[in-house]
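# Survey of secondary and tertiary structure
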Amino acid sequence: MSTATTKAPKLPPPWFIHTFWRAHRAAYRLSGGRFLWTTASKRGWGALRLTAIGRKSGKERSVILGYVEDGPNLVTLAMNGWDEGHPAWWLNVEAHPDVVVRLPHQQPRPMHARAATGEERGRLWHRWAEVDKDLDAYASRRSIETPVVVLEPRDGLA
């Protein structure tokens, strides 16, 4: 979904991006989960806490991710801070797609994760691009396609 003519905006160094997200997770823990924003914020996207089972450890692993809403589904990007490769959380979710999502001021929600494909992926990518004007430019930094991840309520648990 990226174009070769779009120049990627400058990113902070990877150590800074990863440190920022670690600090964000710590703030989430210290605030008792109140340190997440919603899609109603002026950003146009929200932050959620996703808990998945580690593909190697078998232990719960949590990560803070940005999301947009798509009906009852939540949509995030497996972008790895725009570094090469897929983020560990996505590899865990591929192995164990039943996850738990926590949104601000809500009870945990059991959900099922999957990668969007075809027309759905294009539509959801465009939805994200409406919120992040530099999305295509950032994605062009990567040699692999960034997965668009759909989090769907598990049957009967919505």
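The numbers attached to residues start from 1 for each chain and follow its sequence in the written order. The predicted origin of the model limits local features to residues at a pLDDT of at least 70 and limits the giving and counting of side-chain atom pairs to 80 or more, whereas totals for whole chains, interfaces and linings rest on all residues. Side-chain measures were taken over the full set of non-hydrogen atoms in the model, leaving aside hydrogen atoms and water.

## Quick word on the confidence of the model for the protein
Per residue, pLDDT captures the predictor's confidence, and it can take any value from 0 to 100. For the protein, mean pLDDT is 83; residues scoring 70 or higher make up 77% of the total. The lowest-confidence element of the protein is helix α1 (residues 14-30), averaging 69 in pLDDT; the highest-confidence one is strand β6 (residues 148-153), averaging 98. Contacts are assigned to residue pairs that have any heavy atoms within 4.5 Å of one another. Taken together, the stretch residues 1-5 has pLDDT below 50 and engages in seven contacts with residues farther than four places along the chain or on a different chain. Working definition: helices are DSSP H or I runs of at least four residues, strands are E runs of at least two. Numbering for both runs from the N terminus.

## What about the pattern of salt bridges?
The salt bridge definition used is simple: a Lys or Arg side-chain nitrogen within 4 Å of an Asp or Glu carboxyl oxygen. Evaluation of the coordinates by the stated rule reveals five salt bridges. With its nearest N and O atoms 2.9 Å apart, the salt bridge here joins Glu152 to Arg114. Highlighted residues: Glu152 in strand β6 and Arg114 in strand β5 (residues 109-115), separated in sequence by 38 residues. Burial here depends on accessible area, computed with a 1.4 Å probe over protein chains only, as a share of the maximum for the residue type. Under 20% is buried, over 50% is exposed, and the range in between is partly exposed. The exposure class of Arg114 is partly exposed, given its relative accessible area of 26%. Each of Arg114, Glu120 and Glu152 takes part in salt bridges that share partners, so that together they form one network.

## With respect to the side chain of Asn73
With respect to the element layout, Asn73 can be found in strand β3 (residues 73-77). In contact with Asn73, other than residues within four places in its own chain, are Val68, Val150, Leu151, Glu152 and Pro153.

## Overview of the packing of aromatic side chains
Only rings of Phe, Tyr and Trp enter the pairing, Trp through its six-membered ring, and a pair is recorded when the two centres are within 6.5 Å. The plane angle decides the type: under 30 degrees is stacked, over 60 is edge-to-face, the rest tilted. Counted according to the given criterion, the structure contains two aromatic pairs. A ring pair is formed by Trp89 and Trp90, whose centres lie 6.1 Å apart and whose planes are at 70°; its orientation type is edge-to-face. Using a relative accessible area of 5% as the deciding quantity, one classes Trp90 as buried.

## Section: the pairing of strand β4 (residues 98-102)
Side chains Val99 and Val101 of β4 all project onto a buried face; the interleaved residues Asp98, Val100 and Arg102 project onto a face where none is buried. Two strands are counted as paired when DSSP detects at least two bridges linking them. The sheet contact formed by strand β1 (residues 46-53) and β4 spans three bridges and is antiparallel. Along β4, the bridge assignment pairs Leu50 with Val101. The sheet contact formed by β4 and β5 spans four bridges and is antiparallel. Residue pairing in the sheet places Asp98 in a bridge with His112 of β5. Hairpin geometry of β4 and β5 is characterised by an intervening segment of six residues between the two adjacent antiparallel strands and by a positive phi of about 60° at His105.

## So, helix α3 (residues 118-131)
In an α-helix there are 3.6 residues to a turn, and that puts residues three or four apart on one side. A rise of 1.5 Å per residue sets the reference length of α3, with its 14 residues, at 20 Å; its end C-alpha atoms lie 21 Å apart and thus fit the reference within 8%. Elements in contact with the buried residues of α3: β2 (60-70), β3, α4 (135-139) and β6. Multiply 1.5 Å by the residue count of a helix minus one, and that product is the helix's expected span.

## A closer look at the pairing of β2
As paired elements, β1 and β2 share eight bridges and run antiparallel to each other. The partner of Ala52 across the bridge, within β2, is Arg61. Counted along the chain from β1 to the antiparallel partner β2, the turn is six residues long, and its residue Gly58 has a positive phi close to 75°. Alignment of β2 against β3, held across three bridges, turns out to be antiparallel. Note on β3: the bridge partner recorded for Val68 is Val75. The hairpin formed by β2 and β3 contains two residues between the paired strands, and Gly71 there has a positive phi angle of roughly 65°.

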